[in-house]
Every structure is written in structure tokens, then in C-alpha cells.
Amino acid sequence: MNDIKRQTLLGTVGNASGFETIQVLPMAGALGAEVFGVNLSEEITRDVLDEVKRAYHQFGVIFFRDQEVSDADLARFARYFGDLAVLPPHRQHPGSLPELLVIDKKPETKLVFGWEWHSDTTHLEIPPLGSVLAAKLLPPVGGDTLFANQYLAYETLSDGMKHMLAGLKAVHSNGRILSSLEVDDVLAPGQGVGSSKTTISAVHPVVRTHPETGRKALFVNEMHTERFDGMTVAESAPLLRYLYEHATRPEFTCRFRWAPGSVAFWDNRCLQHLALDDYQGHRRLMHRVQVRGTKPV
């Protein structure tokens, strides 16, 4: 985004209140903001970092434009928020950081990585705090990412539904996504759902409390959640279907249009996201690192 367009937008929408060292431009009423005045290829000073962290917690996902970042730059920025989450060996990219995930959707690939609403890797006992994603190669049009605010998803439930969900836990698994990836030939033989080494599940509360903001967020997602703990898949399905649809209502969302040099950083503890599959026949290359989280409570 050029300076003239940015200043026009800031003049129309206005810088979010309380920020002095950076400019924060809200993207939607529910969540999301673009942050200006930060160069991710350099060390960030303490006063700027404090405001970046505040924007992150306030808006759930923050976006940076016109960044020239290396993989080491991505890793350095992510480490301001905690240790990096290590990838399993079969996901590591040769010659790169062991924590770097290369998301390369080639023109002939049919399935888009992250094609359904989800929070990242909730099949793990300790899902990531958040993800930092940088655009490396983009299609001429399409490939946007949508985000949904799970604070609002919880807060807009009826008191009766909140009472029913209190104390409930859900089983999350990577079985469904691995099966789909295997069919699309994204995974090599032996890395899919049939491999006991890669089929993983974990049990998490249906409503989790954010460890830094103290707010409650709905914590189930269609890609990973299989059923409620102690219930069958069939018994769980009707209520889970309602929660999935409620959690991604349009008024809870924002949509980010990628451009060369764009970087996004989202909070996996209170958001879901979805990668749009609307650029068949084109390549989209993204690099991602994740920050290690804490056990959901």
C-alpha cells in the first residue's frame, strides 16, 4: 500500500485510539487491523513492540504490508511472542529453519491448504499461540484469507447455550485432514491417516479462556473437532454443526487480500481462519512459522 492510499484510509477510518509509535488501521468491526510503522526485517524497539502486542490482543489478527522479510526475519518476529513451535520431521523443508512450514499450492494441486474454517493444529495437546504467515508468490487474483472472531462467537450465544457448553470437552484429531491430503497426493505414502505416527488426537475444552486477555472464546472447529468427549460422533454432530455455523457468521469475520510483501499474524487461541480456493491453475507460495502456545483451559 502506497503512502498516499494509507494516509487516505487513516484519514477516513482514523488511527485506532491509544497508539503513538505505530499506526493501526482497523479492517472490520469484528476483528483485524493493518499495522504501519514497523519494519519486520529489523529489530523492533521495546516501545513499538509493546504497541504491536497490544494491537494483536485487541484485534486478534494484524497485518503488515510492503515487508521484505527473510525466513530468519519471520522467526525473529515470532520469537518476540514466545518459543517457536517445532514441525514434525515430514513437514520440515530441507535447508530451511526446522520450524518453517512451506505452503506451496501448485497450479496442478486441487486441494488448498486450510480450505475449511479451523484453528491451527488443535489436534495437538498444546496448539500454537499463533501463526506468522508471509506471502512469497501469489496468484494474479484470489487466494484471500478469512478470519472469524471466536470471542464474539462465544459472547453472542444464549445464556442457556453457554450454561450447556460450560465444562464440556471435545476430541480434536488430524485424521480427517490427513485423509483429504492423502487423496490429493499432497502427502507421500505413509504420511497419511493410515500412519499411526501421524494420526494424533487431543481433548480440549469447548470454551477456552485466553491466558492473556482473560476473555472466553469458542474452541471447536470443523477441520479438527470430531465429537464431544464422552459422546459418539452421531450424538455430537447436531450441536457441533450449529456451533460451526454460528462461529463463522459473516458479522464475526474479516477478509484479507494478500499482496507481495504482506505478512499476517493471528491469534490461534481466539480465531478461526479459512484459505479461499479461488485461483485454480495458479501457484500460491507462503512461508509460515508458529509460536508455541499453552494448554487450553
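Owing to the predicted nature of the structure, the values given are computational and were not obtained by experimental measurement. Residue indices begin from 1 for each chain and proceed along its sequence in written order. Where totals are concerned, whole chains, interfaces and linings use all residues; where local detail is concerned, this predicted model gives features only for residues with pLDDT of at least 70, and gives and counts side-chain atom pairs only at 80 or more. For side-chain calculations, the full set of non-hydrogen atoms in the structure is used, while hydrogens and water are omitted.

Details of the overall build of the protein chain
To be explicit about the condition: Strands are runs of DSSP state E lasting at least two residues, helices are runs of H or I lasting at least four, and both sets are numbered from the N terminus onward. Partly exposed residues are those whose accessible area sits between 20% and 50% of the maximum for their type, while under 20% is buried and over 50% is exposed, using a 1.4 Å probe and protein chains only. Whether two residues are in contact is decided by their heavy atoms: any pair within 4.5 Å suffices. We get accessible surface area from the Shrake-Rupley algorithm with a probe of 1.4 Å; when it comes to residues, only the shown protein chains can shield them.
Helices and strands together make up the secondary structure of the protein chain, namely seven helices and 15 strands. Every one of the 297 residues in the protein chain was classed for burial, and the buried ones make up 52%. A fraction of 80% describes how many contacts in the protein chain between residues 6 or more apart in sequence connect residues 24 or more apart. About 13400 Å² of surface is accessible on the protein chain, with carbon and sulfur atoms providing 54% of the total.

Some points on the pairing of strand β14 (residues 271-275)
Spelled out, the test is: Note on pairing: DSSP must find at least two bridges between two strands before they are called paired.
Across the five residues of β14, five count as buried, placing the element largely inside the fold. With five bridges joining them, strand β6 (residues 145-149) and β14 adopt antiparallel strand pairing. Within β14, the position partnered with Asn149 by the bridge is Leu271.

Details of the nonpolar core
Rule in force here: Throughout, nonpolar core names a set of buried Ala, Val, Leu, Ile, Met, Phe, Trp, Tyr and Cys residues whose side chains join them through atoms within 4.5 Å.
The biggest cluster of nonpolar side chains holds 33 residues, and the ones touching the most others in it are Val24, Val38, Val52, Phe64, Phe77 and Phe265. Elements represented by at least two residues in this core include exactly β2 (33-36), α2 (46-59), β3 (61-64), α3 (71-79), β5 (130-137), β13 (263-267) and β15 (284-291). In terms of residue count, the dominant contributor to this core is α2 (six residues). Apart from the residues lying within four places of it in its own chain, the contact partners of Phe265 are Tyr56, Gly60, Val61, Ile62, Phe77, Phe81, Leu129, Gly130, Ser131, Val132 and Val291. Counting residues in each nonpolar core, the second largest holds 20 residues, with Phe63, Ala217, Trp266 and Leu271 among its members.

Points about the confidence of the model for the protein chain
Heads up, the condition is: pLDDT measures how confident the predictor is about each residue, on a scale from 0 to 100.
With 86% of its residues at a pLDDT of at least 70, the protein chain reaches an overall mean of 89. Confidence drops under pLDDT 50 across residues 183-197; counting only partners more than four residues distant or on other chains, this segment forms 22 contacts.

Thoughts on the pairing of β5
The buried fraction of β5 amounts to six of the eight residues, a majority that puts the element mostly inside the structure. Bridge count between β5 and β13: five bridges; the pairing is antiparallel. Residue pairing for β13: Ser131 is matched across the bridge by Trp266. Where β5 meets β15, seven bridges bridge the pair, whose relative direction is antiparallel. Bridged to Leu137 within β15 is Leu285.

Some points on the sheet that holds β3
Under the convention used in this document: In this analysis, axes come from line fits to C-alpha atoms, helices being fitted only over the stretch in contact, and the angle between any two N-to-C directions falls in the range 0 to 180 degrees.
Pairing is mixed across the open sheet formed by seven strands, whose spatial order is β1-β2-β3-β13-β5-β15-β4. Looking along the sheet, the strands with just one partner apiece sit at the ends: β1 (23-26) and β4 (101-105). Pairwise comparison of adjacent strand axes, ignoring direction, gives a mean angle of 25 degrees for this sheet. Two elements, β2 and β3, share two bridges in a ladder whose sense is parallel. For Glu34, the partnering residue across the bridge sits in β3 and is Phe63. Here α3 sits on the sheet in contact with β3, β5, β13 and β15, set at roughly 30 degrees to β15.

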